[in-house]
Structures are given as structure tokens and as C-alpha cells.
Amino acid sequence: MRIQELNDYLFQYTKSEERHMLTEKNVLSKRYRLIPKTAFKGREIYQFTFNSLFENKYVCVNKESRFTYIPEHIHTVIEFLYVYAGSCTQIINGQKVVMEQGDICMLDTDVPHSIEYIGQEDILITIEMRREYLTQGFMLRLGNHGIINRFLINTLSINASHNQYLLFKKQEQNEIHSIVQHILCEYYEPAICSEKMIDAYMILLFCEIMRQYKDQQIYSGPKDMRQIMEILAYIEKNCLTVTLKSAADYFGFHPNYLSAYIKKNTGQPFKELVIAQRMYQACFYLTNTNMPVYEVADRIGYDNLGFFYKKFEKTYKMTPQMYRELNS
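Residues numbered from 1 in each chain as written. Predicted model: local features only at pLDDT ≥ 70, side-chain atom pairs only at ≥ 80, totals over all residues. Heavy atoms only, no water.

**What to know about a nonpolar patch on the surface**
So, point 1. Residues Y13, M21 and L22 make up a contiguous nonpolar surface patch of about 340 Å² in total accessible area.
So, point 2. Looking at the element boundaries, Y13 is found in the loop between α1 (3-11) and α2 (15-21).
So, point 3. Judged by its relative accessible area of 36%, Y13 falls in the partly exposed class. (Patch = residues over 30% accessible without salt bridge, like charges linked within 9 Å, V, L, I, M, F, W, Y side chains within 5 Å. Areas by Shrake-Rupley, 256 points an atom, 1.4 Å probe, with all protein chains shown as cover. Salt bridge = Lys/Arg side-chain N within 4 Å of Asp/Glu carboxyl O. Helix = DSSP H or I, 4+ residues; strand = E, 2+ residues; numbered from the N terminus. Buried < 20%, exposed > 50% of the residue type's maximum accessible area, 1.4 Å probe, protein only.)

Here it is as C-alpha cells:
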């Protein structure tokens, strides 16, 4: 399916939308009679499980029906809500959240929310993901590129769970719309390897969200977040030569203070972060070159091959050679 065909397809009336056009705004579809309700903080709300849509899939894509509203509900999966066109208003746990075209919202499981009336020009796309998809294979692939990525992933996951949702406003230079379009084209008109293509586009989508999240934290986030990002960037850049003292001198801290600050904000000691960054570099060489293992070890600063093997196996639960065979 081409992009223009996709745009035409999304604005065509579905059977559900045609039925809603003939009913009043506050009348729900009859399908809600089949959706179970659950008790939540003293009231009954709908519970969406998406079992019939997922089947053997980890990701499910849906265009929400227009000319109606979505009542308060929770779901057992993680959801991205993307405003493809128009706008929408959500009520998330009692808080009003207005979204415009290009905005994307990440909702954790079991978060009560509803969507107010969806008009003719409002195209809302939801992407549902099983939690195990986001936490296992997905995060592993995103996390093998440096300590900053791993820190952002962990923080993003914790904040999404703590705050129940994260809203990312549209930015001028942003590839999210294009990525969502490609996901929809593959989903609505499956071809050879469509599932693998969707999987790849989901990685790109999450990477773009991470970039936005990083920018939000650096430019408008708490001071501690901006500071720890600078420290992690310094460790990444200088992982072969950095010491606690050199890092402390660079940032104007006492080494003991910097050590405690890093542990408090990342949950890891300084030495472990340095080792982690070196291991990420080792993985890159193992995957993308034919460099012998001893040369990889030397390239990332370990002249003791036995020590390198010990640290690598502790990190990845396999030998460097096994890692190369699995990932090359």
C-alpha cells in the first residue's frame, strides 16, 4: 500500500463509522455489551484485553472509529496513541490531556482513560504491545548501543509506570509520522516479511521517541537529569581512558561526591558504567568485523584476555565467540 492510498483508506468510512453516523453522539456500539467490566477504585470500568486481535502477535494496530467516543477503560497491554490527523481529548485518570496532529502518548497497563467524541477529521491510531514485547526482545535491541541509551530506556520505563503515561508533543524535525505510515502500510496490506518490517519500524519508532525524551530531559527536565546525561556522555566518549578522578576533575567535583552522585542517579557504580560501555564497543566489533577476540579486547582497553572474557561472560551470559555467531 502506498502512502497516498493509506491516507485515502484511513479517511474512508468503516462499517462501524457508518453505524455511528446514524446514531446519537452518546450512544455506544453494541459490541460494548460483550466487553467485560472490572472494579477499579470503587467503580466499574471496561477492561480491554485485545485477545482476539493479538492471537500470535505481539503488536496490534488499530484505527479508532470516528463519530463516537471511547468510554473509560483499562487495558492489559502497553499502548501508543498517535494522532494521525485532527486532534483528540483524553481523560487519563481524571486528568484532561489534549493532543494535536503528530502528538503521541505512551500509556502503561491498567491506566484508566477515555477518549472524548472523535470527529470526522480526527484519525486516531493505536498501537498495542504486549508487555513482554517491550521489555524483553525490544529493550535488548535498543539497549546495546551505549550507557546513555540504557539509562534512557530504564528511566523512560520507570517514568511511564510511575506517571502512568508520557506525552510527546510533535516536533518540527520528527520522523514519527513517516514511521507510523510505514507501519500502517505493512499492517493493512501484508506482504512478504511484513511482520519483520513492522518489528523493524517499531524499533525506529521507539528510537525516535527516545530522542524526543532525551531532548525533553536535557532542555526542560530536572537539573539532575541534565547533569547525569552530561556525565554519561563523557564516560561514553572517554571510556578507554576515563578514571573517576579525571571525570571528577572535568566536572569540578570531588571523586567521592561524583561516585555517590552517579550511583544515586543510575543505580550503578562508576566502574560498572565504564565496563558496560567497553562491552558495548566489544559487541560492535564482534558483530561488524572479523577482528580476532584478543584484538577486540585490546581495542577496548583490556590487555588481559582472561579478564575480558570474565567480564564479557558476566554481562552477556555467553562467550564473545558465541555472541559473534548469534549476532553477526
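**A short note on the sheet that holds strand β11 (residues 165-168)**
So, point 1. What the five strands build is an open sheet, ordered β3-β10-β5-β8-β11; its pairing is antiparallel. Lying at the two open borders of the sheet, with one neighbouring strand each, are β3 (59-63) and β11. Within this sheet the neighbouring strands show an average axis-to-axis angle of 15°, counted without direction.
So, point 2. Sheet topology note: the strand β5 (residues 78-85)/strand β8 (residues 104-107) ladder contains four bridges and is antiparallel. (Pairing = 2+ DSSP bridges. Axes fitted to C-alpha atoms, helices over the stretch in contact; angles between N-to-C directions.)

**Quick word on the sheet that holds strand β9 (residues 113-118)**
So, point 1. Judged by pairing direction, the sheet is mixed, and its six strands sit side by side in the order β1-β2-β4-β9-β6-β7 without closing on themselves. Here the strands that pair on one side only, and so sit at the sheet edges, are β1 (37-40) and β7 (95-100). Between one strand and the next, the sheet's axes are offset by a mean angle of 40°, whatever the strand orientation.
So, point 2. Here strand β6 (residues 87-92) runs beside β9; their pairing, made up of three bridges, is antiparallel. Each residue of the ladder has a partner; that of Q90, found in β9, is I115.

**Examining the nonpolar core**
Here is a general trend for soluble globular proteins: nonpolar side chains tend to be buried in one another's company.
So, point 1. Core analysis: the largest hydrophobic core is formed by 96 residues, its most contacted members being L205 and F308.
So, point 2. If you tally residues by element for this core, the top one is helix α12 (residues 270-288), at 11 residues.
So, point 3. Among residues more than four places away in sequence, those in contact with L205 are F80, I104, I127, I176, I179, V180 and I183. (Core = buried A, V, L, I, M, F, W, Y, C linked by side-chain atoms within 4.5 Å. Contact = heavy atoms within 4.5 Å.)

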